[in-house]
Amino acid sequence: MDFSWSDQQRELLDAVSRFGREQLTYEVIENDRNAVFNHDAWKKCGEFGIQGLLVPTEYGGLGQDPLTTVAALERLGYACKDNGLLFSINAHMWTAVIPLVFNGTEAQKRKFLPGLCDGTLIGGNAMSEPNSGSDAFALATTATRAGDKYILNGSKIFCTNGPIADMLVVFANVDKSRGQDGITAFLVEKGAPGFDPSHKIEKMGVRTSPMAEVFFENCEVPAENLLGKEGGGAFLFTRSMTWERGCILASAVGSMQRLLEKCIRYANERKQGGQSIGKYQLVASKIVDMKLRVESARHILYHYGWVAGHRKAVYLEAAMTKLHLADAWVKCAEDAIQIHGGYGYMTEYEVERELRDAIGAKLYSGTSEIQRNIIASLIGL
Amino acid sequence: MTQPVEKILVAFKSVPDPYEAAAPGDSGSTAKSVINPFDEIAIEEALRIRERGETSEIVGVTIGPSSIDEQVRAAMAMGVDRAIRIDDARLLDPYAVARILRGVIEKEAPQLVLMGKQAVDDDSNQVGQMLAGLLGWPQATFVSKIELLDNRTRARCTRETDAGLEVIDVNLPAIITADLRLNEPRYVSLPGLIKARKKPIDVQTCQQLGVIVEPLTRLSSTARPARRSAGTRVESVAELVIKLKEEAKVL
Amino acid sequence: MTKTNTLILIEHDRQQVKRPSLHAVTAAQQLGGDYSLLLLGSAVGEMAKSLLGYGAASLLVADHAELAEPLADRYALVIADAFQKCGATTLLGTSSTFSKDILPRAAALLDAPMLTDVMTIEGNGNSFTRPINAGSMIATVQLGSERRVLSIRASAFAAPTGNTAVSPIEQLAVDAALLPNGMQFVSREERISDRPDLTEARVVVGGGRPLKDKETFDRLVGGLADALGGAIGATRAAVDTGLAPNDYQIGQTGKVIAPDLYIALGISGAIQHLAGIKDSRVIIAINKDPDAPIFQMATYALVGDVHQVVPELIEALRDRE
Ligand SMILES: Cc1cc2nc3c(=O)[nH]c(=O)nc-3n(C[C@H](O)[C@H](O)[C@H](O)COP(=O)(O)OP(=O)(O)OC[C@H]3O[C@@H](n4cnc5c(N)ncnc54)[C@H](O)[C@@H]3O)c2cc1C
Ligand SMILES: Cc1cc2nc3c(=O)[nH]c(=O)nc-3n(C[C@H](O)[C@H](O)[C@H](O)COP(=O)(O)OP(=O)(O)OC[C@H]3O[C@@H](n4cnc5c(N)ncnc54)[C@H](O)[C@@H]3O)c2cc1C
């Protein structure tokens, strides 16, 4: 067992830290209030290489391993306080890029991956529907083959990046009688006839990441945009979902570290009753717990990254990582507010936003309850 | 003697990261190093000159042990064509550095040498000027704008002086030292970094250059300066004015 | 030519001697031995007269039309020549862009090492302290050579007092034919200001990035400076966004100041900026972020919005009269 980075990993991670620090430290309060997505920052991340971290070099990516990738995203999360931007990047990487890398045809990879890597294209997925959330495979959207096209009908909800996406991975059923074996993935491009991703949804946190309700009304998708096989959608979804669970909160570990440091500074600086509040054991122990939470979150994340680079079946590790990181992030943000007192509740201090941003982590990519269900069944309950 | 710029030599130094921001999760790691920010500006300027088609080659040079290869690769990742590292692990003073660089310049024969005006660790602000003196070349220090004139045989330089901006012309070959506002350096992208791993670093020694130098400056100790302690919080402008008058007696 | 131990380079703006450059006299006295002053320029006869009462062994004057502008190649050559002729071992100046441009070049011509920004002289005049790493560390250094070049920090050495003995003037012959020709002066931006010089002012008001635009900067920073009869300074961030000219920059790579009172308006307190203000006697910081690092070194800290607080402060200072 060896916990050290190789020189090449360190060099890459240092470059990410520096990029984040120099290019991504813009003000977020206004953007959050007005739910504004930072296109410019997206583009910079793409040019720098973030979106393509895991993509093989022949398709414009960097071919990095999962461990280096999650550590890089952690660095980014530490430097950049725009959790919404990072959430959009994550949705793009795990729900659009990964399915293409593993299930795309050569032509599809050549067409989409270079742009998805360098920041010119934005991707996302559309799975959840008004009547199917946790039970995703109960989806109602249909796809019917018509010559060299598929015709999609139905609606999707909670589609991250929907309003700004150039392409979405959309799940529909080609034959309801086959149940989940009818579920099929399609690449739906912006501007496709009958495709309407324009209905924005307001939300509590990660407000700078746009979300849409998406409608398909006799939406035409060319047959070459079938992703994987007809009926292969459920498997494809499960695979990309596993990547997503393991990696999507890597940047949250960076935010937690940032919150921890902010709390330490504040606890030393703020004086009440004639001493720094950090001298009160109740405050100190909160911060110690926070430190433990950040460290354990980082370790479970790195372990997941390592495992994902060494073997195929990582469902258990992915679910545990997702569950633990989501809980840790929310608790950290909540404690950070408590430590900052009334100031922590005020927008200007930028702590309350972290809590709003964190809470969604218990919902997307499978709720915390669903992660517990998965873990329970995988450990034999 | 003057000939149009064909080759630019950029000297750069590896320094501790001035931002000192330890990355999360790096428990107990040593301080990170980066290319001296002013030298990075010099590299960027060389790249821009090449992008305008006003030079064909950029050679980077630095002095230090192999532990600074990460900064050498960063320079190549930015776009330097070729990089030389003079392998020398000693703590050198600016005059020693200038003499080693003279050796490199005599061998490489560039028409223009760029470097930062100072290194942010040592803060000496000497090497460029000393090098110009040793070579008998013109110099332009603290430069915030460079324009090549007369078929690239002369450089018009805007200098940032205490009294404001000053413009001078220097005949080439010359040494130009970069100030902060010369440009904003591009960041090293990850694809650039990975590509640079494949480029070789040309490692040379002082012996090979035929340069024998001994530093004449000896650092005997370093210490933290006495810290100013945080003072008093005042709650209002009125209170501030009273303090200034009665306690600080500056009004 | 009169022999001497230390040769001091005098800086001027073609009208007047820069007062901080005389602080080198105090440093020369600490080094011990004789010192001479060296004045270069064109038609500097009047100025030379103002330099007679500082106890120097002699005042060397290189007065020639070809020296009208301080071009480093020429100046360094003339300085090195004078240094050798008077048999000096130390070449001394006060840190400024003028001396930082010229002295290292002269050092190379003299085959001597140089120390920049010397703050104290210790141990028989052969050990020196100087700031490194943006002033976050102080290095103690010795020089292992007979000849040496030093530039001192004006704020670390007092203005000369005591020895007012009158010095003889010695003219240095300048052979124009021997002067290098590779550098040509083109122009200089001249700014006229009623405010005192930044490095000499008793009160300095510094402004940071949140001053938004030039108009606001002038109104708040300029307004407060005028209310106190002070000079204006700025952070690099403020200069970079065009709020103030380059030569207003205070810090590691700008000017180092040591006024009685420094007022920092909307300045975060990056170490590179602090490097330039550390020696101020009283520092007031006004910042809306209670965690701003500047508060860790401010004598008086006021948490507030500059757009609101500064007009109030200007008002309060006016009422005082
Ligand atoms: C910020 C954000 C971004 C999102 N982005 C996307 C996206 O890009 N694409 C996309 O397709 N979807 C996206 N979603 C949707 C997300 O995947 C769903 O919200 C999630 O799967 C839960 O579905 P639901 O909201 O319908 O809740 P429901 O499934 O209705 O669950 C309601 C409650 O019941 C619990 N519950 C449900 N089933 C079980 C069970 N079997 N055992 C125990 N408890 C159960 C849940 O844990 C939860 O507490 C996003 C959601 C959020 C909050
Ligand atoms: C090699 C190098 C050399 C450098 N040299 C120098 C140098 O010589 N001098 C220098 O200054 N910098 C230098 N810097 C830059 C330095 O690191 C900082 O970036 C710079 O000093 C920050 O300037 P600032 O305080 O104006 O801006 P910011 O860091 O943006 O700080 C603005 C501050 O204003 C506060 N604020 C915002 N709005 C308001 C309001 N309405 N009212 C009150 N307060 C408000 C904020 O809380 C914040 O603290 C150098 C950097 C490098 C890398």
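Residues numbered from 1 in each chain as written. Chains lettered and ligands numbered in written order. Predicted model: local features only at pLDDT ≥ 70, side-chain atom pairs only at ≥ 80, totals over all residues. Heavy atoms only, no water.

Re the domain arrangement of chain A
Residues and elements named next belong to chain A.
- Taken domain by domain, chain A holds domain 1 (7–122), domain 2 (125–231) and domain 3 (249–378).
- Using only C-alpha atoms to locate each centre, domain 1 and domain 2 end up separated by 23 Å.
- On the domain 2 side, the residues contacting the 29 residues of domain 1 number 20 residues.
- Of the roughly 1900 Å² buried between domain 1 and domain 2, counting both surfaces, carbon and sulfur atoms make up 60%.
- Summed over the shared surface of domain 1 and domain 2, the number is one salt bridge.
- Along the contact surface separating domain 1 from domain 2 lie twelve residue pairs in polar contact (both at pLDDT 80 or more).
- Of all elements in the fold, only helix H2 (29–33), helix H5 (83–103) and helix H6 (106–118) reach the threshold of two or more residues within the side of domain 1 that touches domain 2. (Domains from an automatic or database assignment. Contact = heavy atoms within 4.5 Å. Buried area = accessible area lost by both parts, 1.4 Å probe. Salt bridge = Lys/Arg side-chain N within 4 Å of Asp/Glu carboxyl O. Polar contact = N/O pair within 3.5 Å; in protein donor to acceptor, adjacent residues only side chain to side chain. Helix = DSSP H or I, 4+ residues; strand = E, 2+ residues; numbered from the N terminus.)

Re the site of ligand 1
Residues and elements named next belong to chain A.
- What surrounds ligand 1 is a group of 16 residues, the closest being Ser128, Ser134, Phe158, Thr367 and Glu369.
- One nitrogen or oxygen atom from the side chain of Asn125 is found 2.9 Å from a nitrogen atom belonging to ligand 1.
- In isolation ligand 1 exposes 970 Å². Once the protein is present, 64% of that is buried.
- Split into classes, the residues belonging to the shell around ligand 1 amount to eight nonpolar, seven polar and one charged.
- Both domain 2 (125–231) and domain 3 (249–378) contribute no fewer than three residues apiece to the shell around ligand 1. (Near = heavy atom within 4 Å. Areas by Shrake-Rupley, 256 points an atom, 1.4 Å probe, with all protein chains shown as cover. Nonpolar A, V, L, I, M, F, W, Y, C, P; charged D, E, K, R; others polar.)

Observations concerning the sheet that holds strand S9 (residues 148–152) of chain C
Residues and elements named next belong to chain C.
- The strand order across the open sheet formed by seven strands is S5-S9-S4-S1-S2-S3-S10, and the pairing between neighbours is parallel. A strand with exactly one partner marks an edge of an open sheet, and here the two such strands are strand S5 (114–118) and strand S10 (169–171). Neighbour-to-neighbour, the strand axes of the sheet open up by a mean angle of 25 degrees, direction not taken into account.
- Where strand S2 (residues 35–41) lies against strand S3 (residues 59–63), five bridges are found, and the strand directions are parallel. Across the sheet, residue Leu37 finds its bridge partner in S3, namely Leu59.
- Across the sheet, helix H4 (residues 97–109) is in contact with strand S1 (6–9), strand S4 (90–94), S5 and S9; its angle to S5 comes to roughly 155 degrees. (Pairing = 2+ DSSP bridges. Axes fitted to C-alpha atoms, helices over the stretch in contact; angles between N-to-C directions.)

Thoughts on the site of ligand 2
- Around ligand 2 lies a shell of 29 residues, among which Arg209, Thr235, Ile250, Thr253 and Ser268 of chain C are the nearest.
- Chains contributing residues near ligand 2 are chains B and C.
- Between ligand 2 and Gly266 of chain C there is a distance of 3.2 Å, counted from an oxygen atom to a backbone nitrogen or oxygen.
- Backbone polar atom of Val306 of chain C to a nitrogen atom of ligand 2: 2.8 Å apart, as the coordinates give it.
- A total of 980 Å² of accessible area belongs to ligand 2 in isolation, and the protein chains cover 86% of it.

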